[in-house]
Amino acid sequence: AKEDSQNNGFCWACEKANFRCNVARTPEAALECFKEKHHDLVIIDHRHSRYFDAESLCREVLLIYFYLNGFVDLFGVCCCRPDREEASVMPLIKSGFNRRYVENANMMACYNELLQLERGEVLAQFKLRACNAIFTALEQSQEAIEITNEDQVIQEWQGIYYAKKKNGDSVQQNVKITPVIGQGGKHKDRRKGSLDVRSTTSRGSDGSSQRRHSSMARIHSMTIEAPITKVINIINAAQESSPMPVAEALDRVLEILRTTELYSPQLGTKEEDPHTNDLVGGLMTDGLRRLSGNEYIFAAKQPHLPSHLAMPLSLNDIPPHVAQTMENEDSWDFDIFNLETACLKRPLTYLGLKIFSRFGVCEFLSCPEATLRSWLQGIEANYHSTNSYHNSSHAADVLHATAYFLCKERVKQSLEQIDEVAALIAATVHDVDHPGRTNSFLCNAGSELAILYNDTAVLESHHAALAFQITTRDDKCNIFRNMERNEYRTLRQAIIDMVLATEMTKHFEHVNKFVNSINKPLAALEENGSVKGILTSPDNRILVKRMLIKCADISNPCRPLELCIEWAGRISEEYFAQTDEEKRQSLPVVMPVFDRNTCSIPKSQISFIDYFITDMFDAWDAFADLPNLMQHLDNNFKYWKGLDERKLHSLRPPPE
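Bear in mind the structure is a predicted one, so any value in this text is a computation, not a measurement. (Residues numbered from 1 in each chain as written. Predicted model: local features only at pLDDT ≥ 70, side-chain atom pairs only at ≥ 80, totals over all residues. Heavy atoms only, no water.)

1. Details of the UniProt feature "active site" (unreviewed entry) in the protein
Move 1: Following the UniProt record, one finds the feature "active site" (unreviewed entry) at His390.
Move 2: Inspection of the secondary structure puts His390 in the loop between α14 (369–381) and α15 (392–406).
Move 3: Apart from the residues within four sequence positions on either side, His390 is in contact with His384, Asp431, His434, Ile571 and Glu574. (UniProt positions renumbered as here; feature names shortened; annotations may be inferred. Helix = DSSP H or I, 4+ residues; strand = E, 2+ residues; numbered from the N terminus. Contact = heavy atoms within 4.5 Å.)

2. A short note on the pattern of salt bridges
Move 1: All chains considered together, the criterion is met by 21 salt bridges.
Move 2: Glu340 is the salt-bridge partner of Arg570, the closest N and O atoms lying 2.8 Å from each other. Of this pair, Arg570 sits in helix α25 (residues 561–584) while Glu340 sits in helix α11 (residues 336–342), and the two are 230 residues apart along the sequence. Both residues of the pair, Arg570 and Glu340, count as buried.
Move 3: One salt bridge connects Arg541 with Asp419, and the closest N-O pair in it is separated by 2.8 Å. Here Arg541, found in helix α24 (residues 538–553), pairs with Asp419, found in helix α17 (residues 417–429); they are 122 residues apart in sequence, far enough to count as distant. Comparing Arg541 with Asp419, the two get one shared label, buried.
Move 4: The network of salt bridges with common partners includes Glu416, Asp419, Arg541 and Lys545. (Salt bridge = Lys/Arg side-chain N within 4 Å of Asp/Glu carboxyl O. Buried < 20%, exposed > 50% of the residue type's maximum accessible area, 1.4 Å probe, protein only.)

3. Here's the deal with the UniProt feature "binding site: Zn(2+) 1" (unreviewed entry) in the protein
Move 1: UniProt's entry tags His394, His430, Asp431 and Asp553 with the feature "binding site: Zn(2+) 1" (unreviewed entry), counted in the numbering of this structure. A maximum C-alpha distance of 10.0 Å is found for the annotated residues, which run over 160 residues; spatially they form one tight group.
Move 2: Residue His430 is classed as buried on the basis of its relative accessible area of 0%.
Move 3: What His430 contacts, discounting residues up to four positions off in sequence, is Tyr383, His394, Ala395, Val398, His463, Val499, Thr502 and Asp553.
Move 4: Of note, Asp553 is situated in helix α24.
Move 5: Taking relative accessible area as the criterion, Asp553 reaches 11% and is therefore assigned buried.
Move 6: Not counting the four nearest positions on each side in its chain, Asp553 is found in contact with Tyr389, His394, Val398, His430, Asp431 and Thr502.

4. Regarding the packing of α15 against α17
The angle between the axes and the distance between the axes are what describe a pair of packed helices.
Move 1: At a minimum axis separation of 8 Å, α15 and α17 run at an interaxial angle of 160°. Considering the angle they form, α15 stands roughly antiparallel to α17. Helix-helix and strand crossings are classified by hand; for α15 and α17 the assignment is right-handed. Of α17, the residues touching α15 (which contributes Ala395, Val398, Leu399, Thr402, Ala403 and Leu406) are Glu420, Ala423, Leu424, Ala427 and Thr428.
Move 2: A class-by-class count of the residues in the contact of α15 with α17 yields eight nonpolar, two polar and one charged. (Axes fitted to C-alpha atoms, helices over the stretch in contact; angles between N-to-C directions. Parallel < 35°, antiparallel > 145°, perpendicular 65-115°, else oblique. Left-handed = near helix turned anticlockwise from the far one by under 90°. Nonpolar A, V, L, I, M, F, W, Y, C, P; charged D, E, K, R; others polar.)

5. Quick word on the side chain of Gln605
Move 1: Mapped onto the elements of the fold, Gln605 is located in helix α26 (residues 601–624).
Move 2: When residues no more than four places from it in sequence are discounted, the contact partners of Gln605 are Ala568, Ile571 and Trp640.

Laid out in structure tokens, this is it:
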């Protein structure tokens, strides 16, 4: 009721025993505090009856406890003045108290009382709760239940419980129980459902059942726990003490978290925008899996190696007119089509030699420049010059964008040299041997590649695998030959990961992970914290590399307008050719809007920018600082919008 020596004695004792303690002066404050904190031990002052009725308050506390938990195992102590004649404790017990403490303000007496309560009655109550949890679990599973503290340590005692199977056989259950009160008396909130109940093993009467349960025991006793499991457990625990609206909202959260594609949006249909629908269907799915009987044969053929590999040239041997077109290759406005014309549609070797030299790739790989030249020629020879878009000019364009991004300050802070080398190699090989058809087409056509890769990331898997086949098949072009084994494995894994990241089915997953793991934490720390830890963590370096090559791969809308228009015409022609072939082969037409007779190229570009480009480059710009690219993107979008508003379907307006 008021602060005095007895009050101070118990407060000191709680502090010494490392118990968390709250003091309330009125019944109302006590009930509110108990509702919020869910204490394990309640001490009620019975010495000042004129302030409040201790027995009534005890009954109210017990009612709250039962309402919150569905059972009563709370321990209550009544603090009383010493009576001249020893009175019966029965009225106190009937009110719900477990113990009577005669007034004694000596601090050590208070401390000893708390220790005895903890190690006696309170500990017993915790064990009873554990037993209740065990029996509930055993009723459901017939498997042994292991109960541990939060550190997964079994500490105290174990026993054996015999359960009955449905057929009446007796089944021995090994039961291990740890009290949820920690060593040293450090109490935490232990309400219903807070115990960690794990199934470990059960014994069947037959040998096969015993072997099966023995295997399950090893699985369930593993200490490996996925982060998402920890998140779900935390939410489950939070639900126990949450109001109904919050608990229902957490149920919806759990339902979402249990899906497999946490970072991929649920793509709804947009009947008013067939261009977006077709782009999503054609680029982000593996097709309709419907075969027509006349399967399209695209075989995993042997890589082509040019005959002139034996006489590689060096960087100094590049013809002057080709070298002149590459003078500004470090600028974003570099014109890849001028280089394409100057070197007769084989720009990858020449641009690769210059960019790889600028980044010191040969020195890092410990390979001669002649080997690099042979490798570039071998990779470029396996790009299809007959493709209007996915040819070596596209690879050179992606390599150029990758090199440009690698020079941005924030990117340089994030990546090491092995990451830079991996990015340049991945950009070079990311579309090697591309047939000019989408994954959806190959899956629908039952191509050999689709069968080989189980209709999953078909082209990207083929590009990565073929690149290493070409590289390691001939020592003359094996740029990895002199690398130390572990460093080679690290580099190889990074290259493969980046090539696979260009698959569009994972587009939104990669972008959302980048935003949530890098953009948002950086924004929170930039004003008053160090960002180095975020930039250089291994997981975030992987996200940066994936985002880098994704942006480089589809950066055409961010190029200067004339380059953007040329690329738009080339990709449209490739999609037109696919639609033509789908109709000839009676295959499902995965992108019907790309019919060369009816397609609006401005509409297709608007949809592509709206759906795929804007959000991704907003995130990349926030990280790498790319104002010139964002200005080009804005100008190009306005250009396509202007054509569309004039109902034009072509790349350019008609001449005046």
